[in-house]
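Take a look at the letters that make up each chain.
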2 protein chains.
Amino acid sequence: MISAEEQLSIFKHRADEVLVESELLAKLRRGKPLRVKLGADPTAPDLHLGHSVVLTKMREMQDLGHHIIFLIGDFTGMIGDPTGRNVTRPPLTREQILANAQTYAQQVFKILDREKTEIAFNSTWCMPLGADGMIKLAATYTLARLMERDDFKKRWAENQPISIHELLYPLAQGYDSVALKADIEMGGTDQKFNLMVGRELQKQNNQEQQCLITMPLLEGLDGVEKMSKSKGNFIGFAEPAQEIFGKLMSISDELMWRYYALLSTKSDAEVAALKQNVHPKDSKVGLAHEIVARYHSKFAADKAVADFEARFKQGAMPDEMPELEIHTSGRGIGIAQLTKQAGLAPSTSEANRLIDGGGLRIDGEAVREKGQICAAGTQFVLQAGKRKFVRIRIL
Amino acid sequence: MISAEEQLSIFKHRADEVLVESELLAKLRRGKPLRVKLGADPTAPDLHLGHSVVLTKMREMQDLGHHIIFLIGDFTGMIGDPTGRNVTRPPLTREQILANAQTYAQQVFKILDREKTEIAFNSTWCMPLGADGMIKLAATYTLARLMERDDFKKRWAENQPISIHELLYPLAQGYDSVALKADIEMGGTDQKFNLMVGRELQKQNNQEQQCLITMPLLEGLDGVEKMSKSKGNFIGFAEPAQEIFGKLMSISDELMWRYYALLSTKSDAEVAALKQNVHPKDSKVGLAHEIVARYHSKFAADKAVADFEARFKQGAMPDEMPELEIHTSGRGIGIAQLTKQAGLAPSTSEANRLIDGGGLRIDGEAVREKGQICAAGTQFVLQAGKRKFVRIRIL
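Residues numbered from 1 in each chain as written. Chains lettered and ligands numbered in written order. Predicted model: local features only at pLDDT ≥ 70, side-chain atom pairs only at ≥ 80, totals over all residues. Heavy atoms only, no water.

A few words on the side chain of T76 of chain B. Residues and elements named next belong to chain B. By the secondary structure assignment, T76 is in helix α4 (residues 74-79). Given the relative accessible area of 15%, T76 is considered buried. There is a polar contact of 3.3 Å between the side chain of T76 and the backbone oxygen of G73. Sequence-distant contacts of T76, defined by excluding residues within four places in its chain, comprise N122 and Y169. (Helix = DSSP H or I, 4+ residues; strand = E, 2+ residues; numbered from the N terminus. Buried < 20%, exposed > 50% of the residue type's maximum accessible area, 1.4 Å probe, protein only. Polar contact = N/O pair within 3.5 Å; in protein donor to acceptor, adjacent residues only side chain to side chain. Contact = heavy atoms within 4.5 Å.)

This is how it looks when you write it as C-alpha cells:
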C-alpha cells in the first residue's frame, strides 16, 4: 500500500474540499481500510455523468483498498414527502425501492467494483429507532443550527413553507454515519451541510468523526446548470452509446475541458497537452470515445466514432452554427414544426417536402418519418440541405 | 339533561375562552355525552390549587353527564428532555410514570368522580407510530406555524436554543386529540397554542374538530406569578390541613377575592354578598375552611379554624404587618438567623434567648427548637413577644 500522504493527495485531486485534512491523514496513517460512505436517494434510479464524479473518486479509493459503502436511503424514501408539495419525492413502496436499488447497483458497478462494495439500506437502523428514538434523535440538534443550511435559510427568509419533517431528514442522514461508523462521507459540494451533521452526531455518540470529501458539481449539457435529470441536461449511464456520443459532441469547447477535468482518467498533464496540440473537435471525439467506452465498450465507442466521422464528412458540419432552444414544456415537438421554427423551412409543408427529398438531417442522419416527434431533453444538429445547420435543444 | 344553551353557559362561567362557541353548541345539541380531554405531564405528581381550576370545571361537566378523559403524557414523559438543558424534564422510567400516575389519580379524584373518569396513557398510540409515523406526523405542520407559539417565538428572537424535538412535542400532544377523538380539550390560557394543534390535526384526519375551553391561570400565594411548584408559591392538594389553612390565611385580601372567584363553589352573588357584609378576615377563614374541607374533611377544616382562632386570640395577630422575603436559594434558613434578619432580635444569641423563654412564635405557635430550619417554599407569621410580627416568605 502506498503512503498515507500519497493517498491523501489522490483523495484531494479534483476534490472541492477535504475536511478535516489532518484527521484524514491520521486515519490513513493507521494503515487500515477506511469506511467510505455515499448516500443515495432511491427515488431516481437513472444515474448520470454528474454522479460519476464522486463515484470515480470512490473507485480510486476502492483500488487503494478502502471499504466502500453505497447507502440506499430507503427509510426516508418510503416516507417521501408526506405533504405532497414536493412532487419529486413521492412515497415509494418496499418493492419500488428494491427495484430502484437494483437498477442503481447495475449502474454504479460500471464504476465501482461489485465485489468490493457493500450496499446498505438505512431502514435497517432507522426503523428500530421507533417513535421515541426519533424524538431523541431530534433532540440532538437545535433549530438555529439546522437553519444555517442554505436551503432552509433561504426558504425561511422568503416565507416559503418548511415542514417539520424536513428538519428530521438531515438528522436521519447524519445518524446513518453513526450506524455505519463511517470514516469518510462523500458528496457533492451542495451536500456539505448534511455531511457535517453526520460528523456532529458521531461526536455526540463518542465516535471518531468522519471526514468529508466534497466533489465539484458537474455542469449539465447547457454548461450552466448542475447536471440533473429534472433539468433534462444530462447524459445517463444507461443511454445508448450513440446517444452518449452525440450529446458529448454537442457540448461547447469550454464545457469539454471541464468534463475532461472531472470525468476523464487522463492526467492534468495529458489534458494540458491536448489543449495545446490537438484540434478541439478531435479532443471532443477523444472524450466522447472515453466515456462511451466506460459505459458500453471500446467496440461501441469505436463504432460511434466511425459513424460520427462518416456523417460529419457527408454533412460537412461546421464548428460554429446558430443555436436554438425550443420550449415545449416537456411535450416534445413534431419535426416539421421544428424545422419551420428553426428557420430551415418557410412552412411545415415545405419542411415535409424537404423530408420527402431526403434533405433534412438530424446529427447527419436523414429524417425518414414526417410524423417524427423530437422529445424534450434531447439535443442535436438539425441540417437542411448541405449548408444550413442549427444546433437545437428541446426543453 | 338540561338544555344545550344552559350547559354552554355553565361551561363558559369563569372560563377564559371558549373556542369555537357555535361548534360547541352544535356538539351539545346532539344530546350525547361529549369526550373531554385534559392532558397531564407525568413529571410533577403534586397537584396544587392551580390545577383545581380546570378540574373543577371538568367536574361540572362530568356532573352534566360528559365523558372525562384524564390523559397522562407518558410517551413524552419517558423521553423527557434528552438535551438535559431542562432540569424539570428528566426522562422517567415506566415504573416512575406509573407511580406518578397513581399519585395523580389519587389527587385528581378529590375533584373528579373516580367512577366516571377514564385515565389514558398516550404511549398507547404514540409508540406504535414508529420512526416513520413520527416523520409523517412532523410533516403535518410547518415551521412557520409552530413558531407562532409565544414561547418559541420569544426564544428564537432572543437566540435561545430550541431543540428540534421540542417542535415535535406539541404535535404529539395534538395527535392525542386525534387518537382520543376528543370533543373538547381543556387547559390553562397558556395552553391555547397546543390545544389549537389538536384542532388542526383532527381536521387533517377528517375528524370533527375539538373545541377548546381555556381557564384562567391562578396566581400563586405571592399574588403575582402563576401558581407553580417550581416557584414555591403553591398550595398542594396533598398538604396537611393545617398547612393549607395557614397558607390561605396568609394571602392578601385582593388575592382572596381572586381565589373565591376561581376556587370556591360559591356563586357570584354569594361572593358579592360576602364582600359587602363580612369582614375580610372572616371571609378568608370561610375560604380556607371550604378548601380544607374539600381536600381533607369538614372535620379537619373545623379543627383548623378552631386552632387558628385560638392562636389568633392568644397572639392578637394584627391584620397589617411588615412583610419580608428571605432568599435562601432553596436551602432554607435557621430560625435564629431568620429572627435576626427579620429585625425581631439584634443577634442570633438574642434570638436563641427569645426561644428559650418561649417568646418566639410561628403562626402563633411557640418555637421549641433552636436548631429549627425554616424550609424554602414556606410562609408564615413570625412573632416576637406580644406585639412584634413579620410576615415571612422563605424562597
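Before going further, it helps to spend a moment on the relation of the copies chain B and chain A. Superposing chain B onto chain A takes a rotation of 179 degrees plus a shift of 0.0 Å along the axis, which leaves an RMSD of 0.2 Å. Seen this way, the second copy is the image of the first under a two-fold rotation axis. The residues that chain B uses at the interface reappear at the interface of chain A in 100% of cases, marking a shared surface. (Least-squares fit on C-alpha atoms with pLDDT ≥ 70 in both.)

All names here are of chain A. Taken in spatial order, the 6 strands make up an open sheet running β1-β6-β5-β2-β3-β4, and their pairing is mixed. Edge positions in the sheet fall to β1 (17-19) and β4 (117-121), since each of these pairs with one other strand and no more. The mean angle between the axes of side-by-side strands here comes to 25 degrees, regardless of whether they run parallel or antiparallel. Helix-sheet contacts for helix α10 (residues 164-180) involve β2 (35-40), β3 (67-72), β4 and β5 (184-188), and the interaxial angle to β2 is about 150 degrees. (Pairing = 2+ DSSP bridges. Axes fitted to C-alpha atoms, helices over the stretch in contact; angles between N-to-C directions.)

Residues and elements named next belong to chain A. Checked against the element boundaries, Y260 lands in helix α13 (residues 253-263). On the basis of relative accessibility, which here comes to 1%, the residue Y260 falls in the buried class. Along the primary structure Y260 and S283 are separated by 23 residues, whereas in three dimensions their C-alpha atoms are 9.4 Å apart. Once residues within four sequence positions are removed from consideration, Y260 is found in contact with R14, K266, V271, L274, S283, G286 and L287. At 3.3 Å, the side chain of Y260 forms a polar contact with the backbone nitrogen of L287.

A word on the interface of chain B and chain A. Contacts between the two partners involve 32 residues from chain B, matched on the other side by 32 residues from chain A. Roughly 2600 Å² is buried in total at the junction of chain B and chain A, and carbon and sulfur atoms are behind 85% of that figure. Joining chain B to chain A, the criterion identifies 8 residue pairs in polar contact (both at pLDDT 80 or more). At the level of secondary structure, the elements contributing two or more residues to the side of chain B that touches chain A comprise α4, α7 (130-138), α8 (143-146) and α10 (164-180) of chain B. Of the residues contributing to the side of chain B that touches chain A, the split by class is 24 nonpolar, 5 polar and 3 charged. (Buried area = accessible area lost by both parts, 1.4 Å probe. Nonpolar A, V, L, I, M, F, W, Y, C, P; charged D, E, K, R; others polar.)

Here the focus is the sheet that holds strand β1 (residues 17-19) of chain B. All names here are of chain B. With mixed pairing, the 6 strands of this open sheet are ordered in space as β1-β6-β5-β2-β3-β4. Two strands in the sheet have a free side with no partner beyond their single neighbour: β1 and β4 (117-121). Sheet twist, expressed as the average angle between the axes of neighbouring strands with direction ignored, equals 25 degrees. Bridge count between strand β2 (residues 35-40) and strand β5 (residues 184-188): 2 bridges; the pairing is parallel. Bridging from a neighbouring strand, V36 pairs with I184 of β5.

As a further point, take the pattern of salt bridges. Residue and element names in this part refer to chain A. One pass over the full model with this rule turns up 61 salt bridges over all chains. D253 serves as the salt-bridge partner of K284, at 3.0 Å between the closest nitrogen and oxygen. Residue K284 is found in helix α15 (residues 280-295), and its partner D253 is found in helix α13; the two are separated by 31 residues along the sequence. Among the charged side chains, a salt-bridge network with shared partners connects K27, R30, D183 and E208. (Salt bridge = Lys/Arg side-chain N within 4 Å of Asp/Glu carboxyl O.)

Further remarks concern the environment of V36 of chain A. All names here are of chain A. As for its position among the elements, V36 is in strand β2. Taking the C-alpha atoms as reference points, V36 and F70, 34 residues apart in sequence, are found 8.5 Å from one another. Those residues in contact with V36 that sit more than four places away from it in its chain are M58, M61, H66, H67, I68, I69, I184 and M186.

Here we take up the packing of α10 of chain A against helix α11 (residues 192-204) of chain A. All names here are of chain A. In the contact formed by α10 and α11, the axes pass within 7 Å of each other and the chain directions differ by 55 degrees. When the interaxial angle is binned, α10 and α11 end up oblique. At the point where α10 passes α11, the crossing takes the right-handed sense. Contact with α10, carried on its side by P170, L171, Q173, G174, Y175, S177 and V178, involves N194, L195, V197, G198, L201 and Q202 of α11 and no other residues of that element. (Parallel < 35°, antiparallel > 145°, perpendicular 65-115°, else oblique. Left-handed = near helix turned anticlockwise from the far one by under 90°.)

Quick look at unusual backbone geometry now. Put simply, L19 of chain A and V20 of chain A share a cis peptide bond, and its omega is 0 degrees. Checked against the element boundaries, V20 of chain A lands in the loop between β1 and α2 (21-29). Even without a glycine there, the phi angle at N159 of chain B is positive, about 55 degrees. Considering the arrangement of structural elements, one finds N159 of chain B in the loop between α9 (150-157) and α10. A relative accessible area of 70% means that N159 of chain B is categorised as exposed. One non-glycine residue, S329 of chain B, lies in the positive phi region at around 55 degrees. Note that S329 of chain B resides in the loop between β7 (323-326) and β8 (333-334). Among the residues examined, S329 of chain B registers a relative accessible area of 64% and is labelled exposed.

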